[in-house]
Amino acid sequence: QVQLVESGGGLVQAGGSLRLSCAASGLTFSSYCMGWFRQAPGKEREFVAVIGWSAGNTYYADSMKGRVTISRDNAKSTVYLQMDSLKPEDTAVYFCAAGPSPYGTTLPYHYDYWGQGAQVTVSS
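Figured I'd write up the structure that's included with this text.

### Brief notes about the packing of aromatic side chains
The full count for this structure, using the stated rule, is six aromatic pairs. Taken together, a centroid distance of 5.8 Å and an interplanar angle of 75° make the contact between F37 and F47 edge-to-face. Here F37 is found in strand β4 (residues 33-39), whereas its partner F47 is found in strand β5 (residues 46-51), with 10 residues between them in sequence. Residues F37 and F47 agree in their burial class; the two are buried. By relative accessible area, which is 0% here, F37 ends up buried. Members of the aromatic cluster, each reached through a chain of ring pairs, are F37, F47, Y59, Y111 and W114. The ring of W114 carries the charged tip of R45 above its face, separated from the ring centre by 4.7 Å.

How each quantity is defined
- Residues numbered from 1 in each chain as written.
- Predicted model: local features only at pLDDT ≥ 70, side-chain atom pairs only at ≥ 80, totals over all residues.
- Heavy atoms only, no water.
- Phe/Tyr/Trp six-rings, centres within 6.5 Å; stacked < 30°, edge-to-face > 60°.
- Helix = DSSP H or I, 4+ residues; strand = E, 2+ residues; numbered from the N terminus.
- Buried < 20%, exposed > 50% of the residue type's maximum accessible area, 1.4 Å probe, protein only.
- Lys NZ or Arg CZ within 6 Å of the ring centre and 35° of its normal.

As structure tokens, this is what we get:
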């Protein structure tokens, strides 16, 4: 049974930082690209960042570029999302997802497994 469990969400002031973690189990972690998506109330789920099988393959949403860094530790089957200079509009539930693409994809329907989400709230 595949499980993705996010942690590290919370309340932070604008300009602050948070580091999200997503621990995976039940899958060959190194053979999955790992993506982060977010969904704000009343809005559709949107892509944030993805990392391919190789840690060198990363891609970021324009809205987050320069403020977030995605990384992975295959030995721990964990993917991370470091978020800096957070803004109130970054408030959302953040989801991690696992997909089979070696280089990663921005499309939610290309992912096979999803976590339950972690709330990130940025106050002004």
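From this point, things continue past the structure.
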